[in-house]
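Working through the structure, step by step
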Amino acid sequence: MLLHSKAEKKPFLQDEYYPNMEVVRIENVSKIYYLGNQKVDALKNIDLTVEQGDFLAIAGPSGSGKSTLLNLVGCIDTPSSGNIYVEGTNIGKHTPDQLADLRARTIGFIFQTFNLLPVLSAEENVEYPLLQFKEMTKHERRERVRHFLSIVGLDKFARHRPNELSGGQRQRVAIARALATRPKIVLADEPTANLDQKTGASILELMRLVNRIQKTTFVFSTHDASVMRMANRLVHVQDGQIIREGVGDI
């Protein structure tokens, strides 16, 4: 099975699973932007809880606010009002340095355009976010990189640069990079948008497998029906508001 690696004896993400444990709680959050003199209400009075082990899709058309909501969860942006708690801590009280450390150690990111560094190999891209962990030795970093490249089925492509990989392979490298920091939650912004249908389906299956076996929490922003069907929770956003919640077809 892909989720086992000979490179290490203890899987890095095999934390004990506690059902219904909150990873993120959003309380009455609004986000306002100004374009010149024009006020834009990107999000209005959002309440949402993300629990450990969720495979949650935030769905909506372009401009609905789903990417803004994902950015707030990922501490990339800050709300205009309301509170966001990550693992029980109100991030509104964090300094910029504390937010940066939280992003590095608690949140993994997967992007639509992969965001790989073109001059680095696959293994170097996966290792890159680990370089800020001063407590890790070079040997520990390399073992972790090998482990997660094996998980995504790319151990034989470790030395390939992004331009030597297919779109699906590049997204697998991005998934390995997101998982390598052992995050509590992985945020994926339209992860299948730049992939053909077959490749996108295989990437989704991989993430769902990681979610089921390792209990890693995933939150997607998407308008892809296949992501919505696979999600175990589905949140519909329109005009900056949650209009309904449901359950995907799993």
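Residues numbered from 1 in each chain as written. Predicted model: local features only at pLDDT ≥ 70, side-chain atom pairs only at ≥ 80, totals over all residues. Heavy atoms only, no water.

Let's talk about the pattern of salt bridges
One pass over the structure, following the stated rule, counts 11 salt bridges. When the shortest N-O distance is used, the salt bridge between R142 and E127 registers 3.4 Å. Here the residue R142 occupies a position in helix 4 (residues 138-151), and E127 occupies one in helix 3 (residues 122-127), the gap between them amounting to 15 residues. When its relative accessible area of 35% is taken as the criterion, R142 is described as partly exposed. Taking relative accessible area as the criterion, E127 reaches 8% and is therefore assigned buried. The closest approach of N and O atoms between E143 and R146, which form a salt bridge, is 2.0 Å. Taken together, the residues E143 and R146, both in helix 4 and three residues apart, mark about one turn of the helix. Accessibility expressed as a relative area gives 16% for E143, which makes it buried. For R146, a relative accessible area of 41% corresponds to the partly exposed category. (Salt bridge = Lys/Arg side-chain N within 4 Å of Asp/Glu carboxyl O. Helix = DSSP H or I, 4+ residues; strand = E, 2+ residues; numbered from the N terminus. Buried < 20%, exposed > 50% of the residue type's maximum accessible area, 1.4 Å probe, protein only.)

As for the side chain of S30
In this structure, S30 sits in strand 1 (residues 22-35). Leaving out residues up to four positions away in the same chain, S30 has contacts with L43, K44, N45, P79, S80 and S81. (Contact = heavy atoms within 4.5 Å.)

By themselves, these figures tell us nothing about what the structure is for.
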